[in-house]
Amino acid sequence: MLEEAVSAADCVALQLANDADRYAALGHHLRSTAFHNAVTVARGSSDHASSYLAYLIMARMGRLVTSLPMSLVTLYKAPLQAAGLLAVSVSQSGQSPDVVEPIHYFRAGGATTVALVNDIDSPLAHEAEWALPLRAGKEQSVAATKSFIASLTAGARLVAEWQQDDELKAGLAALPDALRRAAQTDWSAALEVLTPARNIMVVGRGISFPIALEAALKFKETSALQAEAFSGAEIKHGPMALIDEGYPLLIFATRGPAQAGLVALADEMRGRGARVLLAAPADVPSRDLELPVAACPDLDPIVAIAAFYVMAAHLSEARGLDPDKPRHLNKVTRTH
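A.B. asks: Explain the overall build of the protein here, please?
C.D. replies: When you go through the protein residue by residue, the secondary structure sums to 14 helices and 10 strands. On C-alpha atoms alone, the protein measures out to a radius of gyration of 19 Å, which is about the 20 Å that the 2.2 N^0.38 rule sets for 336 residues. Overall, the C-alpha framework of the protein stretches about 55 × 40 × 40 Å when taken along its three principal axes. Residue burial in the protein is summarised as follows: out of 336 residues, 56% are buried. Taking the intrachain contacts of the protein between residues at least 6 apart in sequence as the baseline, contacts between residues at least 24 apart amount to 75%. Put simply, the protein shows about 13800 Å² of open surface, and 50% of that area lies on carbon and sulfur atoms. The positive charge centre, built from 29 side chains, and the negative charge centre, built from 36, are 3 Å apart in the protein.

A.B. asks: Would you take a moment to explain the sheet that holds strand S5 (residues 130-133) for this structure?
C.D. replies: Across the sheet, 5 strands lie side by side as S2-S1-S3-S4-S5; this open sheet has parallel pairing. What marks the edges here is a single partner per strand, and that holds for strand S2 (64-67) and S5. When the angles between neighbouring strand axes are averaged without regard to direction, this sheet yields 20 degrees.

A.B. asks: Even after reading the chapter, I still don't get the sheet that holds strand S8 (residues 248-252), so can you show me in this structure?
C.D. replies: Pairing is parallel across the open sheet formed by 5 strands, whose spatial order is S7-S6-S8-S9-S10. The sheet is open, and its two borders are formed by strand S7 (226-231) and strand S10 (289-290), each paired with just one other strand. Looking at chain direction, strand S6 (residues 199-204) and S8 are connected through 3 bridges and run parallel. Pairing of valine 202 across the sheet is with leucine 250, part of S8. On top of the sheet, helix H13 (residues 259-271) reaches S6, S8 and strand S9 (275-280); it is set at about 165 degrees to S9, its chief contact.

A.B. asks: What is the right way to read the packing of aromatic side chains from this model?
C.D. replies: All chains considered together, the criterion is met by 7 aromatic pairs. Measuring from centroid to centroid gives 6.3 Å for phenylalanine 35 and tryptophan 162, while their planes differ by 75 degrees, and the two rings are edge-to-face. Of this pair, phenylalanine 35 sits in the loop between helix H3 (20-31) and strand S1 (37-41) while tryptophan 162 is found in helix H8 (residues 146-163), placing the two residues 127 residues apart along the sequence. Neither residue differs from the other here; phenylalanine 35 and tryptophan 162 are each classed as buried. Centroid distance phenylalanine 219 to phenylalanine 308: 5.1 Å. Interplanar angle 90 degrees. Geometry classified as edge-to-face. Remark: phenylalanine 308 occurs in helix H14 (residues 300-318) and phenylalanine 219 occurs in helix H12 (residues 209-223); sequence separation between them is 89 residues. On the basis of relative accessible area, phenylalanine 219 is assigned to the buried category, the value being 1%. In textbook terms, an aromatic cluster arises when at least three aromatic residues are bridged by ring pairs, as seen for Phe148, Trp187, Phe219, Phe252, Phe308 and Tyr309.

A.B. asks: Which parts of the structure should I look at to understand the pairing of S9?
C.D. replies: Within a regular beta strand, the side chains point alternately toward one face of the sheet and then the other, so they alternate between its two faces. Counting buried residues along S9, 5 of its 6 residues qualify, which places the element largely inside the surrounding structure. As paired elements, S8 and S9 share 5 bridges and run parallel to each other. The partner of phenylalanine 252 across the bridge, within S9, is alanine 279. Two strands pair when backbone bridges link them, and S9 and S10 are joined in this way by 2 bridges, in the parallel orientation. Bridge pairing in S10 places alanine 279 opposite leucine 289.

A.B. asks: Would you mind going over a nonpolar patch on the surface with me for this structure?
C.D. replies: Residues Leu72, Leu75 and Tyr76 make up a contiguous nonpolar surface patch of roughly 340 Å² in combined accessible area. Structurally, tyrosine 76 is set in the loop between helix H5 (71-74) and strand S3 (85-91). In this structure tyrosine 76 comes out as exposed when scored by relative accessible area, which is 63%.

A.B. asks: Please explain the environment of alanine 174 as it appears in this structure.
C.D. replies: Following the sequence through the fold, alanine 174 ends up in the loop between helix H9 (166-173) and helix H10 (175-182). Judged by relative accessible area, alanine 174 falls into the partly exposed class, the value being 33%. Measuring from C-alpha to C-alpha, the distance between alanine 174 and alanine 295 comes to 6.7 Å, with 121 residues separating the pair along the chain.

A.B. asks: What is the right way to look at H8 in this model?
C.D. replies: Each full turn of the α-helix corresponds to 3.6 residues, which orients residues three or four apart in the same direction. Over its 18 residues, H8 extends 26 Å from the first C-alpha to the last, a length consistent with the 26 Å expected when each residue adds 1.5 Å. Of all 18 residues making up H8, 17 are buried, and the element is well covered by its neighbours. Of the residues trailing H8, glutamine 164 is marked for its positive phi of about 55 degrees.

What counts, and at which threshold
- Residues numbered from 1 in each chain as written.
- Predicted model: local features only at pLDDT ≥ 70, side-chain atom pairs only at ≥ 80, totals over all residues.
- Heavy atoms only, no water.
- Helix = DSSP H or I, 4+ residues; strand = E, 2+ residues; numbered from the N terminus.
- Rg over C-alpha atoms; globule rule 2.2 N^0.38 Å.
- Buried < 20%, exposed > 50% of the residue type's maximum accessible area, 1.4 Å probe, protein only.
- Contact = heavy atoms within 4.5 Å.
- Areas by Shrake-Rupley, 256 points an atom, 1.4 Å probe, with all protein chains shown as cover.
- Lys, Arg positive; Asp, Glu negative; His and termini not counted.
- Charge placed at Lys NZ, Arg CZ, Asp CG, Glu CD.
- Pairing = 2+ DSSP bridges.
- Axes fitted to C-alpha atoms, helices over the stretch in contact; angles between N-to-C directions.
- Phe/Tyr/Trp six-rings, centres within 6.5 Å; stacked < 30°, edge-to-face > 60°.
- Patch = residues over 30% accessible without salt bridge, like charges linked within 9 Å, V, L, I, M, F, W, Y side chains within 5 Å.
- Salt bridge = Lys/Arg side-chain N within 4 Å of Asp/Glu carboxyl O.
- Expected span 1.5 Å × (residues − 1).

Have a look at this one:
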């Protein structure tokens, strides 16, 4: 897991060096097609990557994006309208039937279908009209790291080409170097808090919420740590009842409109006795963990999760576990 997380920078560099014409052609197609909305089709870490893509599409392109409950297609056979729809699937393996079948359904119904997939020879890649390889290479660890980072990058590339945004494109070009710096970030302070922990809340908001979801999944997967992710706007409702003296919170306060509220939330939770780990950029004085930053704020979640993964691999070992072989889990999961 650690080696693969550190190698993500090279995987992203490889991805960015390839398929430029294909991304440009897809961007042209998206600009010339009157989409009213979009749907994402994914599970697990890939669904978290899809949530990041959804934020970019909604914030930058103004299209509503829905995460598809796949059982609507695979089990309930719902008569979903596909014409005028953009359907994007994200997957490492491209094997699971409940990811493949909806893309087949939407394409047959007239939707534009896109697969961001690591295995370009997979069933999912063959079903989609536009299949774009993540180029993360084979992942040995059950816990996805480099493929998740490559998925986030591919989603940002899709939007950069769709929007023709030069700043986002330049930020992507600089991303491999930012990821290399992120892998060297010192998050050892988190190990002191989390090695003995039994549970944790992971908090983000807006574009940082997908990485809060991903971090919570990795805590469960690799450290057997009961973790839940919440939006900073939701934690003051029901979840507040769980917080007592010493309760751990990891808060991802990446740059952007949500940052100030998350920093204020960290201060409030400290006042309630919580053991807060505020991950924020170097210019936030109250930070507990330094968040690396990318060339533009919308790419910050990609380098933030890279720093987290390195810490998570060390945390798993500190808790006496093997991060590469989580209990009861397999690399490829096939559900219907």
